[in-house]
Amino acid sequence: EDQVTQSPEALRLQEGESSSLNCSYTVSGLRGLFWYRQDPGKGPEFLFTLYSAGEEKEKERLKATLTKKESFLHITAPKPEDSATYLCAVRPEISSGSARQLTFGSGTQLTVLP
Amino acid sequence: SAVISQKPSRDICQRGTSLTIQCQVDSQVTMMFWYRQQPGQSLTLIATANQGSEATYESGFVIDKFPISRPNLTFSTLTVSNMSPEDSSIYLCSVDIQGGEQYFGPGTRLTVT
């Protein structure tokens, strides 16, 4: 069974204090790992897709990396507007249902204090 | 990317009634998905809606409870039938874009009393 585990569940940072969020996954084969940002009361906002171990992608203060078992979302010098829940999802190579379905982790709630 | 809208954005409904949620995309897409996000929880896939064929439901979700329509490549509806308080959730539609990225609508926040 495909599993995605995110840690920590919640993270409080001071503005400018860099940190990393973790996403560990177990899948039969990985067709993609996705990072989303979700603000309260809104739908998830797409951030990154990673396809193979060693791949990295950056967007402003965020950088996502991928290994064969986990992904990290590094946040450099965060600002209060980076406060949100960050969700990780995987698309397995072989899935019993939809060929493109995603399995989501439970998310990391990030709070950046001014 | 894709721009996705949902109607209604929120609703409060009585037990035993039904609500139909609409999802509109600004471009033609093959696959649309419906998710549920219960309070404080992550996203759970309800079903995949393909144009011209019946929706494919995930384990634990049935067509009688969550009938789905997909009349064309830019539109889909999800109905939550015979609602109970346990159906109180955010319902999200999403679309698959070439390249494998999946984009989400703003969600419909449903409260059942």
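Here is a short report on the structure shown in this document. Computed from a prediction, not measured in an experiment: that's the story for all the values here.

1. Quick look at the interface of chain A and chain B
One frequently used descriptor of interface size is the decrease in accessible area upon assembly of the parts.
And then number 1: The partner chain B presents 20 residues to the 20 residues of chain A that form the contact.
And then number 2: With both sides pooled, the region where chain A packs onto chain B buries about 1,500 Å², and carbon together with sulfur makes up 52% of that total.
And then number 3: Joining chain A to chain B, the criterion identifies 1 salt bridge.
And then number 4: The salt bridge involving Arg-91 of chain A is made with Asp-96 of chain B; its shortest N-O contact spans 3.2 Å.
And then number 5: The interface formed by chain A and chain B holds 5 residue pairs in polar contact (both at pLDDT 80 or more) in total.
And then number 6: Secondary structure elements with two or more residues in the side of chain A that touches chain B: strand S4 (30-38), strand S5 (45-50) and strand S9 (84-92) of chain A.
And then number 7: Element by element, the count of residues in the side of chain A that touches chain B is highest for S4 of chain A, at 3 residues.
And then number 8: Here the residues of the side of chain A that touches chain B are counted per class, giving 8 nonpolar, 9 polar and 3 charged.

2. Things to note about the sheet that holds strand S7 (residues 68-72) of chain B
Residue and element names in this part refer to chain B.
And then number 1: The antiparallel open sheet is built from 4 strands, whose spatial order is S1-S3-S8-S7. What marks the edges here is a single partner per strand, and that holds for strand S1 (4-7) and S7. Pairwise comparison of adjacent strand axes, ignoring direction, gives a mean angle of 15° for this sheet.
And then number 2: When strand S3 (residues 19-25) meets strand S8 (residues 75-80), the two strands line up antiparallel, connected through 6 bridges. From the neighbouring strand, Gln-22 faces S8, where its bridge partner is Thr-77.

Calculation criteria
Residues numbered from 1 in each chain as written. Chains lettered and ligands numbered in written order. Predicted model: local features only at pLDDT ≥ 70, side-chain atom pairs only at ≥ 80, totals over all residues. Heavy atoms only, no water. Contact = heavy atoms within 4.5 Å. Buried area = accessible area lost by both parts, 1.4 Å probe. Salt bridge = Lys/Arg side-chain N within 4 Å of Asp/Glu carboxyl O. Polar contact = N/O pair within 3.5 Å; in protein donor to acceptor, adjacent residues only side chain to side chain. Helix = DSSP H or I, 4+ residues; strand = E, 2+ residues; numbered from the N terminus. Nonpolar A, V, L, I, M, F, W, Y, C, P; charged D, E, K, R; others polar. Pairing = 2+ DSSP bridges. Axes fitted to C-alpha atoms, helices over the stretch in contact; angles between N-to-C directions.

Spatial relationships are all this shows, so hold off on functional conclusions.
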